[in-house]
Amino acid sequence: MKKVLVTETVHPAGLKMLEDAGYEVIKSQIKDLRDGETLTREMADVDAALIRIAEVPREAIEGAKNLKIIANHGVGIDNYPLDALKEKGIRLTTAPGANSRSVAEFVMGLMLAVTLQIKQSADNYIKEGWAARSTTPMGYSLEGKTLSIIGYGRIGRIIGDMAMNGFGMKVVVYDPYVPRNDERVTYVDDVDDALKAGDYVTLHLALTDDTRHMINDHAFQIMKKTAILINCARGPIVDEEALVRALQNDEIWGAGIDATEVEPLDPESYLFKHPRTIVTPHFAIKTNETEEAVCTICAKNIIDFFEGNELFGEIKL
């Protein structure tokens, strides 16, 4: 019987699919996402792994005697030592497209929640009662505002559609890697132009050496003082210390953050204290429909691999 290690909580539909196909599902005992010691021990004799965002150390890959495939629960792969996977011939699959709509909906939700001061008004209501109606600052309407989208792939395009069709927003796009075939948006050649234009700036790009800390002190200094930053991509794309400085110095108005440089975020972080910032626990894909879709794609890829079938969303290492 093939053994499949599942590192984090996933939708039961995918686990049932594996068990019905005759696989032994082993649930990891990792203490946190960076518990490399436990993960290395658990991966030593499994045949496959289904991994969300747990950080996989090189030692875990090098010590895995039987591991043939990792099914990644999502599309981000910055938590793997890709060169080690390549050296050992371990296959890696993702689930492209399965979570795009839920992330897009979450982005719009964060934009609305920060802009309309939903969390602050609720907190003030608890503290002050009905007086919160007058003490909570007024928010802003999205209609007519400019949304700068940095990264115009599947998720970025859905967000653009929602912003333009649902809220009457203008959209500016920075993405040098996509065809400029959407006549409704304004494409720019320099990320600075997108940062300067946006009443809202939302990030939808992979974490690479080039994108790490792309949003830094310089970025915040050229953004509008009324701007709101949304990050539902990867935490290290934003220099977190620079973000804190920008919020403290009123260089931007607020932020909606679903991914932080270190996860989980320190409970004492200023990001939790700023009145116009909402931080969520890497939660953007957690709708029932998306969780089921992603997990079943992962399970099917594992089954298909051992049955010799074509894989979906495989990363070419």
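See the structure above.
What comes next is a walk through the structure. (Residues numbered from 1 in each chain as written. Predicted model: local features only at pLDDT ≥ 70, side-chain atom pairs only at ≥ 80, totals over all residues. Heavy atoms only, no water.)

On to the packing of aromatic side chains. Evaluated as defined, the whole model comprises six aromatic pairs. Here Tyr125 and Trp130 contribute two aromatic rings whose centre-to-centre distance is 6.1 Å and whose plane-to-plane angle is 65 degrees, an arrangement assigned as edge-to-face. An aromatic cluster of three or more residues is present, and its members are Tyr23, Phe305 and Phe306. One cation-aromatic arrangement involves Arg276 over Trp253; the distance from NZ or CZ to the ring centre is 5.0 Å. (Phe/Tyr/Trp six-rings, centres within 6.5 Å; stacked < 30°, edge-to-face > 60°. Lys NZ or Arg CZ within 6 Å of the ring centre and 35° of its normal.)

Moving on to the environment of Glu55. Here Glu55 lies in the loop between β3 (48–51) and α3 (58–62). In this structure the C-alpha to C-alpha distance between Glu55 and Thr296, which are 241 residues apart in sequence, comes to 22 Å. Apart from residues no more than four positions distant in its own chain, Glu55 is found in contact with Leu33, Arg34, Leu39 and Asn79. (Helix = DSSP H or I, 4+ residues; strand = E, 2+ residues; numbered from the N terminus. Contact = heavy atoms within 4.5 Å.)

The subject of this paragraph is the state of the cysteines. Evaluated as defined, the whole model comprises zero disulfides. No disulfide involves Cys232; its sulfur sits 20 Å from the nearest other cysteine sulfur, which is in Cys298. Looking at Cys298, it has no disulfide partner, and the nearest cysteine sulfur is the one in Cys295, 6.1 Å off. When its relative accessible area of 1% is taken as the criterion, Cys298 is described as buried. (Disulfide = S-S within 2.5 Å. Buried < 20%, exposed > 50% of the residue type's maximum accessible area, 1.4 Å probe, protein only.)

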